[in-house]
Amino acid sequence: MDGVGGVIVETEAYGPDDPASHAYGGKTRRSATLFGPPGRLYVYRSYGIHWCANAVCGKDGVGTGVLLRALEPTHGLDRMRARRGVHDLALLCAGPGRLTQALGLTGEHDGFPLDRPPFELTAGDPVEVVAGTRVGITRAVDRPWRYSLKGSSYVSRPRPRS
DNA sequence: TTTACGATTAACT
DNA sequence: GTTAATCGTAAAG
(Lines give C-alpha, C1' and ligand atoms only; values in the text may rest on other atoms or scores of the structure.)
Protein backbone atom coordinates (compact mmCIF):
# COMPACT_ATOMS: atom_id res chain seq x y z
CA MET A 1 0.00 0.00 0.00
CA ASP A 2 1.10 3.56 -0.56
CA GLY A 3 3.59 2.21 -3.03
CA VAL A 4 5.44 0.27 -0.39
CA GLY A 5 5.88 -3.44 -0.38
CA GLY A 6 8.23 -6.35 -0.66
CA VAL A 7 8.68 -10.06 -0.62
CA ILE A 8 7.54 -11.93 2.45
CA VAL A 9 10.51 -13.83 3.76
CA GLU A 10 9.39 -14.96 7.18
CA THR A 11 6.09 -16.09 8.66
CA GLU A 12 4.72 -18.01 11.59
CA ALA A 13 1.64 -20.18 11.69
CA TYR A 14 -1.00 -19.93 14.40
CA GLY A 15 -3.99 -22.20 14.78
CA PRO A 16 -7.00 -22.89 17.01
CA ASP A 17 -5.20 -25.61 19.00
CA ASP A 18 -2.19 -23.43 19.52
CA PRO A 19 -1.73 -22.16 23.10
CA ALA A 20 0.27 -19.24 21.75
CA SER A 21 -2.42 -18.21 19.31
CA HIS A 22 -5.02 -15.54 19.89
CA ALA A 23 -7.47 -18.02 18.48
CA TYR A 24 -6.75 -20.42 21.33
CA GLY A 25 -9.61 -20.79 23.74
CA GLY A 26 -12.21 -19.48 21.36
CA LYS A 27 -13.15 -16.25 19.72
CA THR A 28 -12.62 -13.03 21.63
CA ARG A 29 -13.15 -9.39 20.87
CA ARG A 30 -9.59 -8.88 19.75
CA SER A 31 -9.30 -11.96 17.59
CA ALA A 32 -12.66 -11.59 15.89
CA THR A 33 -10.99 -10.90 12.57
CA LEU A 34 -8.99 -14.06 12.90
CA PHE A 35 -12.21 -16.01 12.85
CA GLY A 36 -13.59 -14.20 9.86
CA PRO A 37 -13.24 -15.07 6.20
CA PRO A 38 -9.73 -15.87 4.93
CA GLY A 39 -7.62 -13.58 2.80
CA ARG A 40 -7.99 -10.68 5.18
CA LEU A 41 -5.68 -8.84 7.48
CA TYR A 42 -5.67 -9.31 11.24
CA VAL A 43 -3.87 -6.50 13.02
CA TYR A 44 -3.41 -6.34 16.78
CA ARG A 45 -1.34 -4.33 19.21
CA SER A 46 1.50 -5.98 21.02
CA TYR A 47 2.99 -4.80 24.30
CA GLY A 48 1.00 -1.64 23.88
CA ILE A 49 3.48 -0.25 21.42
CA HIS A 50 3.70 -2.38 18.34
CA TRP A 51 1.33 -3.48 15.65
CA CYS A 52 1.51 -6.98 14.26
CA ALA A 53 -0.08 -8.16 11.04
CA ASN A 54 -1.51 -11.55 10.22
CA ALA A 55 -2.94 -13.01 7.08
CA VAL A 56 -6.13 -14.84 7.95
CA CYS A 57 -6.34 -18.25 6.35
CA GLY A 58 -8.24 -21.47 6.69
CA LYS A 59 -12.00 -21.63 6.61
CA ASP A 60 -14.31 -18.90 7.73
CA GLY A 61 -14.87 -19.20 11.45
CA VAL A 62 -11.95 -21.51 12.15
CA GLY A 63 -9.44 -19.03 13.47
CA THR A 64 -6.17 -19.74 11.76
CA GLY A 65 -3.68 -17.19 10.59
CA VAL A 66 -0.15 -16.51 9.53
CA LEU A 67 1.91 -13.87 11.28
CA LEU A 68 4.02 -11.81 8.92
CA ARG A 69 7.36 -11.48 10.62
CA ALA A 70 9.73 -10.20 8.00
CA LEU A 71 9.76 -8.65 4.56
CA GLU A 72 12.37 -7.97 1.95
CA PRO A 73 11.73 -4.35 0.97
CA THR A 74 11.43 -3.84 -2.76
CA HIS A 75 9.12 -0.87 -3.22
CA GLY A 76 8.71 2.50 -1.59
CA LEU A 77 12.01 2.28 0.24
CA ASP A 78 12.20 6.00 0.85
CA ARG A 79 8.78 6.01 2.37
CA MET A 80 9.56 3.10 4.63
CA ARG A 81 12.84 4.62 5.70
CA ALA A 82 11.05 7.83 6.55
CA ARG A 83 8.49 6.00 8.64
CA ARG A 84 11.00 3.78 10.38
CA GLY A 85 13.79 6.30 10.69
CA VAL A 86 16.19 3.59 9.66
CA HIS A 87 18.48 3.47 6.68
CA ASP A 88 19.62 -0.11 6.83
CA LEU A 89 17.58 -2.02 4.29
CA ALA A 90 17.91 -5.25 6.21
CA LEU A 91 16.34 -3.69 9.29
CA LEU A 92 13.39 -2.00 7.64
CA CYS A 93 11.01 -4.92 7.96
CA ALA A 94 12.96 -7.44 10.03
CA GLY A 95 10.35 -8.07 12.69
CA PRO A 96 6.57 -7.97 13.16
CA GLY A 97 6.44 -4.51 14.66
CA ARG A 98 8.98 -3.14 12.28
CA LEU A 99 7.16 -4.58 9.31
CA THR A 100 3.87 -2.96 10.20
CA GLN A 101 5.53 0.35 10.95
CA ALA A 102 7.36 0.35 7.64
CA LEU A 103 4.20 -0.46 5.71
CA GLY A 104 2.14 2.00 7.69
CA LEU A 105 -0.18 -0.66 9.05
CA THR A 106 -2.28 0.12 12.11
CA GLY A 107 -5.41 -1.13 13.79
CA GLU A 108 -7.41 0.66 11.15
CA HIS A 109 -6.38 -1.99 8.70
CA ASP A 110 -7.73 -4.81 10.80
CA GLY A 111 -10.07 -6.92 8.74
CA PHE A 112 -8.97 -5.37 5.50
CA PRO A 113 -9.05 -7.66 2.42
CA LEU A 114 -5.58 -8.44 1.17
CA ASP A 115 -6.60 -8.85 -2.43
CA ARG A 116 -8.03 -5.39 -2.93
CA PRO A 117 -6.50 -1.91 -3.04
CA PRO A 118 -4.68 -0.41 -1.30
CA PHE A 119 -3.35 -3.91 -0.79
CA GLU A 120 -2.10 -6.32 -3.33
CA LEU A 121 -1.05 -9.86 -2.69
CA THR A 122 0.72 -11.69 -5.45
CA ALA A 123 2.31 -15.11 -5.66
CA GLY A 124 6.04 -14.97 -5.95
CA ASP A 125 8.38 -17.36 -7.62
CA PRO A 126 8.64 -20.78 -6.03
CA VAL A 127 11.13 -20.48 -3.25
CA GLU A 128 12.85 -22.75 -0.83
CA VAL A 129 11.53 -22.49 2.67
CA VAL A 130 12.96 -23.67 5.92
CA ALA A 131 11.02 -24.44 9.09
CA GLY A 132 12.17 -23.43 12.52
CA THR A 133 10.97 -22.71 16.01
CA ARG A 134 8.89 -19.64 16.66
CA VAL A 135 10.11 -16.53 18.32
CA GLY A 136 8.83 -14.02 20.78
CA ILE A 137 6.18 -16.13 22.43
CA THR A 138 5.92 -17.67 25.87
CA ARG A 139 3.91 -20.75 25.16
CA ALA A 140 4.28 -23.67 22.77
CA VAL A 141 7.63 -22.19 21.92
CA ASP A 142 8.95 -25.40 20.52
CA ARG A 143 6.47 -25.82 17.74
CA PRO A 144 8.37 -25.72 14.43
CA TRP A 145 5.86 -23.46 12.77
CA ARG A 146 8.15 -20.70 11.74
CA TYR A 147 8.86 -20.54 8.06
CA SER A 148 11.46 -18.41 6.47
CA LEU A 149 12.94 -17.96 3.06
CA LYS A 150 16.08 -20.00 2.81
CA GLY A 151 19.21 -17.94 2.65
CA SER A 152 17.44 -14.62 3.01
CA SER A 153 19.29 -11.96 4.91
CA TYR A 154 16.13 -10.08 5.74
CA VAL A 155 14.71 -12.40 8.36
CA SER A 156 14.25 -11.14 11.90
CA ARG A 157 16.02 -13.98 13.63
CA PRO A 158 19.18 -13.90 14.75
CA ARG A 159 17.78 -10.59 15.88
CA PRO A 160 19.86 -7.87 14.42
CA ARG A 161 19.89 -5.25 17.11
CA SER A 162 20.88 -1.77 16.34
C1' DT B 1 -14.28 -1.64 37.79
C1' DT B 2 -9.53 -3.08 38.57
C1' DT B 3 -5.34 -5.56 37.67
C1' DA B 4 -1.97 -8.23 35.19
C1' DC B 5 0.21 -9.40 31.05
C1' DG B 6 1.87 -9.91 26.07
C1' DA B 7 2.88 -13.31 18.72
C1' DT B 8 8.17 -6.68 20.66
C1' DT B 9 11.60 -3.30 20.21
C1' DA B 10 14.98 -0.05 21.56
C1' DA B 11 17.89 1.76 24.91
C1' DC B 12 21.07 1.12 28.61
C1' DT B 13 24.69 -1.26 31.94
C1' DG C 1 22.70 -9.29 28.65
C1' DT C 2 19.07 -6.74 31.06
C1' DT C 3 15.22 -3.60 31.46
C1' DA C 4 11.88 -0.01 30.42
C1' DA C 5 8.21 1.67 27.38
C1' DT C 6 3.15 1.55 26.95
C1' DC C 7 -1.97 0.17 26.20
C1' DG C 8 -5.65 -2.92 24.68
C1' DT C 9 -7.49 -7.21 26.10
C1' DA C 10 -8.79 -10.75 29.27
C1' DA C 11 -9.63 -12.39 33.61
C1' DA C 12 -10.63 -11.57 38.25
C1' DG C 13 -13.13 -8.90 41.98
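Above this text is the structure in question.
So, here is what we can say about the structure in this document. Bear in mind the structure is a predicted one, so any value in this text is a computation, not a measurement.

1. A short note on the protein's contact with DNA strand C
Now for step 1: As a matter of local geometry, DNA strand C sits amid T28, R29, R30, R45, Y47, G48 and I49.
Now for step 2: Taking all atoms of DNA strand C within 4 Å of the protein, the share assigned to sugar and phosphate is 64%.
Now for step 3: Within the backbone of G48, a nitrogen or oxygen atom sits 3.4 Å from a sugar or linking oxygen of DNA strand C.
Now for step 4: Residues belonging to the surface near DNA strand C are distributed by class as follows: two nonpolar, two polar and three charged.

2. Concerning the sheet that holds strand β5 (residues 129-132)
Now for step 1: Read from one edge of the open sheet, six strands run β2-β3-β4-β1-β6-β5, paired in antiparallel fashion. Either end of the sheet is taken by a strand with one partner, and the two such strands are β2 (41-46) and β5. With direction set aside, neighbouring strand axes in the sheet form an average angle of 35°.
Now for step 2: Taken together, the six bridges between β2 and strand β3 (residues 50-57) define a ladder with antiparallel strand orientation. Across the sheet, residue L41 finds its bridge partner in β3, namely A55.
Now for step 3: Docked against the sheet, helix α1 (residues 77-84) engages β1 (5-14) and β4 (64-75), running at close to 115° with respect to β4.
Now for step 4: Against the sheet, helix α2 (residues 96-103) touches β1, β3 and β4, its axis set at about 60° to β4.

3. Details of the pattern of salt bridges
Now for step 1: Considering all chains together, one arrives at four salt bridges under this definition.
Now for step 2: Its salt-bridge partner being R146, residue E10 comes within 1.9 Å of it at the nearest N-O pair. Here R146 lies in strand β6 (residues 146-149) and E10 lies in strand β1, a separation of 136 residues in the sequence.
Now for step 3: In this structure R146 comes out as buried when scored by relative accessible area, which is 8%.
Now for step 4: Ionic pairing is found between D18 and R134, a salt bridge with its closest N-O pair at 2.5 Å. In this pair, D18 is assigned in the loop between β1 and β2 and R134 in the loop between β5 and β6, connecting sequence segments 116 residues apart. Across the pair, R134 and D18 agree in class, each one buried.

Cut-offs applied
Residues numbered from 1 in each chain as written. Chains lettered and ligands numbered in written order. Predicted model: local features only at pLDDT ≥ 70, side-chain atom pairs only at ≥ 80, totals over all residues. Heavy atoms only, no water. Near = heavy atom within 4 Å. Polar contact = N/O pair within 3.5 Å; in protein donor to acceptor, adjacent residues only side chain to side chain. Nonpolar A, V, L, I, M, F, W, Y, C, P; charged D, E, K, R; others polar. Pairing = 2+ DSSP bridges. Helix = DSSP H or I, 4+ residues; strand = E, 2+ residues; numbered from the N terminus. Axes fitted to C-alpha atoms, helices over the stretch in contact; angles between N-to-C directions. Contact = heavy atoms within 4.5 Å. Salt bridge = Lys/Arg side-chain N within 4 Å of Asp/Glu carboxyl O. Buried < 20%, exposed > 50% of the residue type's maximum accessible area, 1.4 Å probe, protein only.

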